[in-house]
Amino acid sequence: MSIDPRLDRLRRAAGTRRCLVAFGLALPPSLAGVVLLLRIAGARGALAFAVCAAIALGIVLLRVTRGVDTRWLARALDARAPAMDDSAALLFREPATLAPLAALQRARLLQRLDRLVLDLRPAWPRRAFAASLALALLVSAVAFLVPAPRRADDSPAAASAPGAGADATRLTAIELTVAPPAYTRLPERHETALDTKAPQDAVLRWRLRLAPQPAAVALALHDGRRVVLRHDGDDWRGEATLAASMLYRIVVDAAPPLADDRLHRIDAITDAAPEIRVLAPERTLTLAEAHQKTWPLAFEASDDYGIAHAELVVTHAQGSGENIAFTEQVIVLAGEPADAAKAVPDEARAPRVVLRYAHAIDLAALGFSKGDDVVARLVVDDEREPNANRTRSPSLILRWPADPSKDSAGLDGIVQKTMPAYFRSQRQIIIDTEALLADAAQLDEAKFLARSDAIGVDQKLLRLRYGQFLGEESEGHAEHAPEGAVGGADTQAGALAAAHEAQERAPTGAPAKFGDAGDVVAEYGHVHDIAEAATLLDPDTRATLKSALAEMWQAELHLRQGAPAQALPYEHRALDYIKQVQQATRIYLARVGLELPVPDEARRLGGERKDLGDRSGSLAPTLAGDAALVALWQALDGRGAADWDAAQRALGARGDTPDVLGALAALDRARREPDCVDCRRELRAALWPLLPPSPAATATRALPGAADRAYLDVLAAPETVR
Amino acid sequence: MNAMIAVACLLALAALLGAWRSARDGRGRRGARIVVQLLAALALWFCLYPPSTREAHRGGELVVLTPGVTAAQVAALARGDDVVALPGVDAPRAIERAPDLAGALRRHADASRVRIVGGGLPARDRDAALGRVVAFDAAPLPRGIVALDAPRDALTGHALRIGGRVEGAPGARVELLDPAGAIVASTLADAQGVFTLAAQARVAGTLSLRLRASEANGTRVDEIDVPVAVREGGALALLVLAGAPDAELKYLRRWAVDAGARLDSRVALSDGVALVEGGAVLDAATLAATDVALVDERAWAALGAAPKAALLHAVDDGLGLLLRATGPLPAEVASDWSALGFDVRASAQAPAAVTLDRVLGIADARLAFARRPFDVQASDAAPLLRADDGSLLAAWRVRGRGRVGLWWLDDAFRLALAGERARYGSLWSDTFATIARARAGASPRLPADARVDERAVFCGVGAGAAVESPGGRSTPLQAVDEAGERCAAYWPAEAGWHVLVDDDRRLAWHVRARDEAVALAAAADREATRALVGPRDTVVRDARAVALPRGPFFLAWLALAALLWLLERALRADASAHAS
């Protein structure tokens, strides 16, 4: 159905007016709300509110527009224009559907419409507008009165700017330039924070801009030093060399104190000494092989910045005994970069430098010969200036293999032969005998006898060696035994035998001093065993060993006579006995406990005690730890006043403990912000590791009450007659 | 009753009238209709006045659901029980709610017995339940640290033994963190979840350790505070008489001097030659100023009759005397000590190696100590130190106002040698604290495990006592006399370290936050409730009449009425069909 254009114009004008009114009413409070939220909830909250408000307004406007429809129009016409005869609704109906009378009325209304002057727009609601504005003003006033909360995600600079107010100096620009020492080859870097980490000996350059402009600015270091900044245009500049980790504070003159005057911390990254890894040889002591021409050495050295210099120090020790000559030579080595840097690069650090060094020492050129030692050592310097860090590798020794016979005292690395070696020999004799019996068919008699005799000699040597344990005298010399087969005199028994022989053959012609009667035994007699060796064998073991020796005698007898088949059973029995001895040689020592002998009261205190007196007052209490730190810990506990200066001095004196700087920073913060509970807790946490251990204190029990005392007295009183 | 009779008559009349009319109208299915009408009348009657049935019921017993009750426990409740639910219980709406147990007992005036189901009664309700609880059906404990055996206060320098149990995580890793957040001790809980850790109280003040339990894969099970108030000790006057120097004396004297004790010692080196500290004169005045005397058997044998008498007289007056057996006792010493109450006989056994790991809370040091081979008979003596295997190493008994102890552990100094100086000092300090003269003033008793919004009780406080909260607010305590002691209560509103100010003393005590150590609180409630369970008196199992629900009868009446309507309608349709 089409509406008459005149009516439609009226309707649209009214709709627009109503929309404008609604919009005008809603806008000021919405804007004020956005401002309020911007203040208390930040940009995100304000944006969310704005979006919600816009959606709500849109819905309201839509409803307002919908409300202005034909029904509304008909009612409005009826209400405003009496000429409409309360039948304006007819205007909006199809003429065709109307009854004839209604159609007639409709036509009349259409005619009257021309003459009608109507304004259906609602009047501007002045009072409502005023109320809306007042509400908006109220909300805005609240927004500006509410203090802006500090937000955690704000950067310190941003937080200090609005929050500080007019009575504090603000840092408007920070630039901290870290120029690492040249040898580190690290680039200069610029930071916008006052805390950082930097390589040791780096030059730190500050460029600060402050508002309002102070008269002078300095950096106060935790150890009392000051770095005065100079004025350069709007900026304050200053520089310092980072010798060790430090804490500092910006101090201003003739200006309000800094808004954020925390202690700032710069950690020095020390240049570590190079590390050396020996790749070849695998062990520090290498025995030279026969006909060895060269001695290859390989090292890997790594350092955090770079290796300046590496040299191989080769020491050649010649000679033996007291006559040893040393020659030392230094070979400068050039390294090759190793394939990969192992350490994960840190932002403030360059990747680790890893170099490999290889060198082969020419033994012939060195003159390496029998009995010599060559000691090689790599010395590596890093590039630190002015004093390089130096690392030495472990000493690598190339040794000419020791002569297995001879002198046992001089060489350390040779293991003493132990008992099991002998037992193997008896078994070897049995094996040899059996082999001889097997070969008997192929051998002529003389050869057979010779071999049997040789085995007999071996058997004799073995018997003699066991005999030494029993204190038997050795008889004669190892006839035609080869020197090496004896096993040398490097055993205890051998040494004993040698000493014994030497003593027996010692010239007795030395003039005996008169009265030296005690030496008669030493002169004419000799000991057959040494006490320690003999006491190791208990009587049973000795008996078993004696039986073994008897069997060996018999075996030797038959071997010497060329009858190895008869010797074999004796040999076996000797082996059995030796086995028993072997099992008996496990020695158990009684555990020595605290069982002291009961003092003999009769003999006790019978000595001369003249000039002896009491000794008194030898105990002095150990020094307690830092009382100032303990006092601070206890003061932090309650709400008492702390002696900050004393604690600070005590902390300053503890230069060797791990995180003194952290504790100092925490102390400073807690001192400056007395109401900050977290600061106190942080300081306590930092102090705890520095607190001295104290000895366990003592206490007594509480005094008993009157009833308890009476009870005890009754208990103690002598029992009365029942 | 009259209404019931009237209704019954009316119903019977209506039913009979209906039946009579049905019998007389001459239409089909007469019998069925009569029967259904009578049944409908019966159903209506039962709907109005439901019949009662007898059910098992424990008369005079109230079942109380406490916080932490599980759904299974609620489902397992018998139908005939009177059940109330305390606040904080997640139970069906049908169960009656009660604001507290006392209120519930007033409502159920006949209930003389209470059966508790769930996590246990909160502290508020325990007094009301006293003497009434006959059974406690406990809910399973929550996962976490459910037992904590840690000292609430300690003296400076003492070793702290912190034990406990982790529920629901056998073999959990338990770590102890110091105030700086560093791990100071760590162990694995055993299959039951039991663990023991050790730390040291360094200096006086409050010490907040944290105990963290985590599973093997690192997931956190529980983390709770372990608050320890570390206090300064007092000076002890110690007199040492020894027949010869030994290792024990070396470390003991060193500890005593460092700990600030007044040490008088006389260690004989020879006849008339001794190593002397302080006075070490055995006269009445000196002994009266001495708290504890340590005498070994050789020094005892060398004591004259007069000094011995002076010593024993001083013990009667309160001096503590600790006899140390360092070797076989001479006969006269044995008889003297027997007169003091310790009948010592050399036993045939060799010196036994004993361990003190569990007693001292050492994790796995496996230090072996030697116990003198003595057979000590002391009928009225109390144990002073026991080895892990339960064998006695020291004992004490009362003599006059003082105490006499006997010590026959040979080598406690091994602790000091093994780097356990704190434990060594603690061992001797605790020993002397038991034996020494009573000198300290009475100290107020502080609440055991205070929690925010739970009543904390102080006993033995003075008149002007007050509590300072962590926020700095001071609240004076209103003390009342309770069994000869002045007690006061306080409801903490803040968590953290509070201070009880009593005269010139300031005693720190800790209040846990409400949501901290939840498992521990649950276990404490459970234990406290379990302690309330009294003897199970004769369980009265009677029956009572309970009305059946009306619903089924109403439905039955509705169904019968509908059936009647259908029957009548069908008959009417038939009739109209016949009529047309």
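All residue numbers refer to positions counted from 1 along the written sequence of the respective chain. Here the convention is simple: chains get letters from A, ligands get numbers from 1, in the order in which they are written. With the structure being a predicted model, the display of local features is reserved for residues of pLDDT at least 70 and the display and counting of side-chain atom pairs for 80 or more, all residues being used for whole-chain, interface and lining totals.

- In the annotation of an unreviewed UniProt entry, the entry for chain B reads Carboxypeptidase regulatory-like domain-containing protein, and the organism field reads Dokdonella fugitiva.

- Per an unreviewed UniProt entry, chain A carries the name DUF4175 domain-containing protein and comes from Dokdonella fugitiva.

## Looking at the overall build of chain A
Right, so step 1: Within chain A one finds 19 helices and 20 strands.
Right, so step 2: Any residue whose C-beta has 12 or fewer other C-beta atoms within 10 Å is treated as exposed, any with 20 or more as buried, and any in between as partly exposed, C-beta atoms being built from the backbone. Every one of the 722 residues in chain A was classed for burial, and the buried ones make up 21%. Helix and strand definitions here come from DSSP, where helices need a minimum of 4 consecutive H or I residues and strands a minimum of 2 consecutive E residues; each element is numbered from the N-terminal end.

## Comments concerning the sheet that holds strand S32 (residues 485–490) of chain B
All names here are of chain B.
Right, so step 1: Pairs of strands are assigned from DSSP output, requiring at least two bridges between the strands. Taken together, the 3 strands give an open sheet; going across it, the order is S28-S32-S31, and neighbouring strands pair in antiparallel fashion. Of all the strands in the sheet, the pair left with one neighbour each is strand S28 (456–459) and strand S31 (480–482). When the angles between neighbouring strand axes are averaged without regard to direction, this sheet yields 40 degrees.
Right, so step 2: Alignment of S28 against S32, held across 4 bridges, turns out to be antiparallel. Pairing of phenylalanine 458 across the sheet is with alanine 488, part of S32. Axis definition: a line fit to C-alpha positions, over the contact stretch in the case of helices; interaxial angles, taken between N-to-C directions, run 0 to 180 degrees.

## Some points on the nonpolar core
All names here are of chain B.
Right, so step 1: When buried Ala, Val, Leu, Ile, Met, Phe, Trp, Tyr and Cys residues are joined through C-beta atoms within 7 Å, the set is termed a nonpolar core. With 168 residues, the main nonpolar core has Ile145, Val166, Val228, Leu238, Val292 and Ala394 as its most contacted residues.
Right, so step 2: Not counting the four nearest positions on each side in its chain, valine 228 is found in contact with Ala150, Pro151, Arg152, Asp153, Ala154, Leu160, Ala201, Leu207 and Leu209.
Right, so step 3: Residues Leu62, Leu121, Val133 and Ala138 belong to the second largest nonpolar core, which totals 24 residues. Residues are scored as being in contact if the C-beta atoms we place from backbone atoms lie within 7 Å.

## Observations regarding the pairing of strand S17 (residues 273–277) of chain B
Right, so step 1: Of the strand pairs in this sheet, strand S20 (residues 615–616) of chain A and S17(B) are connected by 2 bridges, and their pairing is parallel. If you follow Ser616(A) over to S17(B), its bridge partner there is Val276(B).
Right, so step 2: One ladder, built from 5 bridges, connects strand S16 (residues 262–270) of chain B with S17(B); its direction is antiparallel. Across the sheet, the residue bridging to Ala268(B) is Ala274(B), located in S17(B).

## Remarks on the UniProt feature "transmembrane region" (unreviewed entry) in chain B
Right, so step 1: UniProt positions are given in the numbering used here, feature names are shortened, and annotations may be inferred rather than shown by experiment. Under the feature "transmembrane region" (unreviewed entry), the UniProt entry names residues 31–49 of chain B.
Right, so step 2: Here residues 31–49 of chain B is 95% helix and 0% strand, with 27 Å between the C-alpha atoms at its ends.

## Topic: the interface of chain B and chain A
Right, so step 1: Each partner contributes to the interface: chain B provides 57 residues, whereas chain A provides 42 residues.
Right, so step 2: Listing elements by their share of the side of chain B that touches chain A, those giving two or more residues are strand S13 (205–214), helix H6 (247–258), S17 and helix H13 (421–435) of chain B.
Right, so step 3: Looking at the side of chain B that touches chain A, the element that brings in the most residues is H13(B), giving 6 residues.
Right, so step 4: Of the residues contributing to the side of chain B that touches chain A, the split by class is 25 nonpolar, 18 polar and 14 charged. Ten residues, namely Ala, Val, Leu, Ile, Met, Phe, Trp, Tyr, Cys and Pro, are considered nonpolar, four, namely Asp, Glu, Lys and Arg, are considered charged, and the remaining ones, Gly among them, are considered polar.

## So, the environment of Met552(A)
Residues and elements named next belong to chain A.
Right, so step 1: Inspection of the secondary structure assignment puts methionine 552 in helix H13 (residues 539–560).
Right, so step 2: Classification of methionine 552 by C-beta neighbours within 10 Å gives buried; the count is 27.
Right, so step 3: Sequence spacing of methionine 552 and tyrosine 570 is 18 residues, and the spatial spacing of their C-alpha atoms is 6.6 Å.
Right, so step 4: Those residues in contact with methionine 552 that sit more than four places away from it in its chain are Gln459, Leu462, Arg463 and Ala574.

## As for the confidence of the model for chain B
All names here are of chain B.
Right, so step 1: For chain B, the average pLDDT comes to 87, and 96% of its residues sit at 70 or higher.
Right, so step 2: What pLDDT expresses is the predictor's confidence in each residue, scored from 0 to 100. The secondary-structure element of chain B with the lowest mean pLDDT is strand S35 (residues 542–547), recorded at 73, while strand S19 (residues 320–324) shows the highest, at 95.
Right, so step 3: In the predicted assembly, ipTM is 0.77 and pTM is 0.61.

## Regarding unusual backbone geometry
Right, so step 1: Residue Pro212(A) is bonded to the preceding Ala211(A) through a cis peptide linkage, with omega at -5 degrees.
Right, so step 2: Residue placement: Pro212(A) occurs in the loop between strand S4 (203–211) and strand S5 (216–221).
Right, so step 3: The residue Arg185(A) is not glycine, and still its phi comes out positive at about 60 degrees.
Right, so step 4: With respect to the element layout, Arg185(A) can be found in the loop between strand S1 (170–179) and strand S2 (189–191).
Right, so step 5: You will see that Asp503(B), though not glycine, has its phi angle at about 55 degrees, which is positive.
Right, so step 6: For Asp503(B), the position within the fold is in the loop between strand S33 (496–502) and strand S34 (505–512).
Right, so step 7: Take Asp503(B): there are 12 C-beta atoms within 10 Å of it, and that puts it in the exposed class.

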